[in-house]
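Descriptive analysis of the structure
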Amino acid sequence: MSDPRSLPSVVLVTGTGTEVGKTVATAALAALVRARGSDVQVVKPTQTGLAPGEPGDVDEVRRLVGDDLVTHELLRLRDPLSPEAAARREGVELPPVAAHARRIAELAASAHVTLVEGAGGLLVRLDARGGTLADLGTALRYKGVSCGVVLVASAGLGVLSTAALSAEALAARSLPLLGVVVGSWPADPGLAETENLHDLPAVTGAPLWGRLPDGAGRLGAAEFTAAAPSWFDIT
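Residues numbered from 1 in each chain as written. Predicted model: local features only at pLDDT ≥ 70, side-chain atom pairs only at ≥ 80, totals over all residues. Heavy atoms only, no water.

In this section: the confidence of the model for the protein chain. Across the protein chain, the average pLDDT comes to 94, with 97% of residues at 70 or higher. Note on residues 1-5: pLDDT is under 50 here. Beyond four places in sequence and across chains, it has 14 contacts. (pLDDT = per-residue confidence, 0-100. Contact = heavy atoms within 4.5 Å.)

Here it is in structure tokens:
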């Protein structure tokens, strides 16, 4: 990515699971795009696990990147579950993925790059019909919106199978996997972590875009935005 404008209009950020550093990776990608001279915004289609008024993922991204970053949270649910399960417990009718696609397509017209942070992994259900983040990408491309995916992976043992399955699911939908980002790289990596740097690109067929150091999310905005470009190797 020598020029952020070479990125698709919409970049979906998904993970190999929960708690893999997806939100911090989204913030780091936003900081990188900004550092390379393009405007960027962040969308969270569904935030779960928080009550109204509590700071969510987009608030954390804005804390790390700057209060002037444009963010959008489209829906919030209280229970820390998948959107489908959380909505079922609250008795809330979720909008179909097609409705999210329409809204994101509208928002994408106002920025060079729109980062969309999913909930958990690629095939977590976002609506009662079984629609997923992958289906959201398909719907966006059907609307003529360029779209690709970044996979945030955990660093250690057990990640390779989930990463490979995510890559296969994307390939089956003809959605490009742009790159893999390790969401939290330990200061003292072990054998599995170091070997995964070689194996993640091999099993996903996508380049390793970067490694975020453990603790990156605890930095302040000035330090985070200054350091974020050095965590990536995107050429």
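This next bit is on the pairing of strand β3 (residues 70-73). In this structure, strand β2 (residues 40-44) lies alongside β3, joined through 4 bridges in parallel fashion. From the neighbouring strand, Val42 faces β3, where its bridge partner is Thr71. Handedness of the crossover is the feature at issue here: the chain leaves β2, passes through helix α2 (residues 57-65), returns alongside β3, and the resulting connection is right-handed. (Pairing = 2+ DSSP bridges. Helix = DSSP H or I, 4+ residues; strand = E, 2+ residues; numbered from the N terminus. Right-handed = clockwise from strand over helix to strand, strands pointing away.)

The strand order β3-β2-β4-β1-β5-β6-β7 describes an open sheet built from 7 strands, whose pairing is parallel. Across the chains shown, the open sheet's two edge strands, defined by having one partner strand only, are β3 and β7 (208-213). Pairwise comparison of adjacent strand axes, ignoring direction, gives a mean angle of 20° for this sheet. Pairing between strand β5 (residues 147-153) and strand β6 (residues 177-185): 5 bridges, direction parallel. Within β6, the position partnered with Leu151 by the bridge is Val180. This element, helix α1 (residues 22-35), spans β1 (10-15), β2, β4 (113-121), β5, β6 and β7 of the sheet and lies at about 170° to β4. (Axes fitted to C-alpha atoms, helices over the stretch in contact; angles between N-to-C directions.)

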